[in-house]
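# Coordinates in review
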Amino acid sequence: DEANSRLALANERLAEARRLADEARQAKARFAASVSHELRTPLNVIVGFTEVMYASPQAYPDVVLSPQFLVDLGAIYRNAQHLQKLVDDVLDLAQIEAGKLALLPAKTDFSTVVEEAAEAIGSLAQVRGLRLTTAVEPHLPEVFIDRTRIKQVLLNLLSNAIRYTTQGSITVSVRSEGDHVLCSVSDTGPGIPEDRQRRLFEEFEHVNPGGSAGDDGSGLGLAISKRFVQEHGGSIWVESNPGEGSTFCFTLPMLREDYASGVVLPRPQVGQGSSLEREPILLVTHNPFAARLFARH
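The structure presented is a predicted model; accordingly, all values stated were derived computationally and were not measured. (Residues numbered from 1 in each chain as written. Predicted model: local features only at pLDDT ≥ 70, side-chain atom pairs only at ≥ 80, totals over all residues. Heavy atoms only, no water.)

## Examining the overall build of the protein chain
The secondary structure content of the protein chain amounts to seven helices and nine strands. Once local pairs closer than 6 in sequence are excluded, the contacts in the protein chain between residues at least 24 apart make up 72%. Carbon and sulfur atoms make up 54% of the accessible area of the protein chain, which amounts to about 17,800 Å² in all. (Helix = DSSP H or I, 4+ residues; strand = E, 2+ residues; numbered from the N terminus. Contact = heavy atoms within 4.5 Å. Areas by Shrake-Rupley, 256 points an atom, 1.4 Å probe, with all protein chains shown as cover.)

Next up, the structure:
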């Protein structure tokens, strides 16, 4: 009886400890989401105005910017972009942790998503002297995905591949496999040791195996990519050997409308005969700097 009583008491204490841990985790997620959201508005203004000043100096016809000024402005722009990306990653992760990630799934031609991601990242690969190619299986079945989130996964994988590959090529391959679509991003980089592969998809873990020329980044891209893929009912993993490059793979179910978790929202409907590109858009903001920035663009 005494042993049973002690066991019951221990179970009660464990249940209470678990409840407190869950509450702490939720509070941490809410705090991160709140802070990240508050940081987004001023960062968007900083990035937006520095982009206009740096990339479109003709917007200020009576001002002549010296080369030294433009160099410094470029450094501000690049670092502001990096900080904006970090804030976006933290906010995405906080929303996932808090169970508030909203997905907008729709029937999608996955080959177009791959093409868009490759086109978006192609200039960066070209600057690094790398060859970027895509190999997509013809007549690929449609998938039921949130196009924006899965494109973000592809961009994360491609950015990592470019960051840590100094020479050679990067290949994106897509094919159907059973009731899933398999996508892989392969590079000719330094490879990743086996003992590091197990931790790659954890928060704040870095791809850089050490000794490569790439910077470490935020360490959130792969963790967020894993969550996005899992929310779609797929899986993600890495295959790599030191000195032989790396291949990151993920799967997506074909036309599957149920997800492992998360909120599935209906796709906004567009009126018959109308076009999203031609529809007028009304923007309302209380921030006068944001209003000026939109007017500039």
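## A word on unusual backbone geometry
At histidine 139, a position not held by glycine, the phi torsion is positive, near 55 degrees. As for its placement among the helices and strands, histidine 139 is situated in the loop between strand S3 (131–136) and strand S4 (143–145).

## Comments concerning the side chain of glutamine 152
Along the chain, glutamine 152 falls in helix H4 (residues 147–163). Not counting the four nearest positions on each side in its chain, glutamine 152 is found in contact with Asp89, Asp92, Ile224 and Phe228.

## What to know about helix H3 (residues 110–127)
Compared with the 26 Å implied by 1.5 Å per residue over 18 residues, the 27 Å span of H3 between its first and last C-alpha is a close match. Where H3 bends most, the angle comes to about 45 degrees, and this point is isoleucine 121. Along H3, the positions that sit buried rather than exposed are Phe110, Ser111, Val113, Val114, Ala117, Ala118, Ile121 and Ala125. Glycine 129 lies just past H3 and shows a positive phi near 75 degrees. (Expected span 1.5 Å × (residues − 1). Bend = angle between axes of the 7 residues up to and from the residue. Buried < 20%, exposed > 50% of the residue type's maximum accessible area, 1.4 Å probe, protein only.)

## Some points on helix H1 (residues 2–55)
An ideal rise of 1.5 Å per residue puts 80 Å on 54 residues; H1 measures up with 76 Å between its terminal C-alpha atoms. A maximum bend of about 30 degrees is found in H1 at arginine 40, where proline proline 42 lies one to four positions downstream. Taken residue by residue, H1 has Ala29, Ser36, Leu43, Val45, Val47, Gly48, Phe49, Thr50 and Val52 as its buried positions.

## Quick word on the sheet that holds S3
As summarised here, the arrangement of the five strands in space is S3-S5-S6-S8-S7, forming an open sheet in which the pairing is mixed. Both outer strands of the open sheet, S3 and strand S7 (236–240), are each paired with one neighbouring strand and no more. For this sheet, the mean angle separating the axes of adjacent strands, direction not counted, is 15 degrees. As defined by bridge partners, strand S5 (residues 169–177) adjoins strand S6 (residues 180–187) across eight bridges and the pair is classed as antiparallel. Paired with glutamate 177 across the two strands is histidine 180, which belongs to S6. (Pairing = 2+ DSSP bridges. Axes fitted to C-alpha atoms, helices over the stretch in contact; angles between N-to-C directions.)

## Considering a negative patch on the surface
A cluster of acidic side chains, namely Asp109, Glu115, Glu119 and Glu142, defines a negative patch on the protein surface. Take glutamate 142: it is sitting in the loop between S3 and S4. Overall, the relative accessible area of 38% leaves glutamate 142 in the partly exposed class. (Patch = residues over 30% accessible without salt bridge, like charges linked within 9 Å, V, L, I, M, F, W, Y side chains within 5 Å. Salt bridge = Lys/Arg side-chain N within 4 Å of Asp/Glu carboxyl O. Lys, Arg positive; Asp, Glu negative; His and termini not counted. Charge placed at Lys NZ, Arg CZ, Asp CG, Glu CD.)

## Let's talk about the nonpolar core
Phe110, Leu154, Val185, Phe248 and Phe250 are the most contacted members of the largest nonpolar core, which totals 40 residues. Setting aside residues up to four positions removed in sequence, leucine 154 forms contacts with Phe110, Val113, Val114, Ala117, Val172, Cys183, Val185 and Phe250. Counting residues in hydrophobic clusters, the runner-up holds five residues, among them Val45, Val52, Ala290 and Leu293. (Core = buried A, V, L, I, M, F, W, Y, C linked by side-chain atoms within 4.5 Å.)

## Considerations on the packing of H3 against H4
Relative orientation of the contacting elements H3 and H4 amounts to 35 degrees, with a least axis distance of 9 Å. Note on packing geometry: the crossing formed by H3 with H4 is right-handed. Contact residues: H3 offers Phe110, Thr112, Val113, Val114, Glu116, Ala117, Ala118, Ala120, Ile121, Leu124 and Ala125, while H4 offers Arg147, Ile150, Lys151, Leu154, Leu155, Leu158, Ser159 and Ile162. Of the residues in the contact of H3 with H4, the class split is 14 nonpolar, two polar and three charged. (Left-handed = near helix turned anticlockwise from the far one by under 90°. Nonpolar A, V, L, I, M, F, W, Y, C, P; charged D, E, K, R; others polar.)

## Regarding the pairing of S6
For S6, the buried fraction is high: six of the eight residues fall into the buried class. Across seven bridges, S6 lies against strand S8 (residues 246–253) in antiparallel orientation. Its bridge partner being in S8, serine 186 is matched across the sheet by threonine 247.

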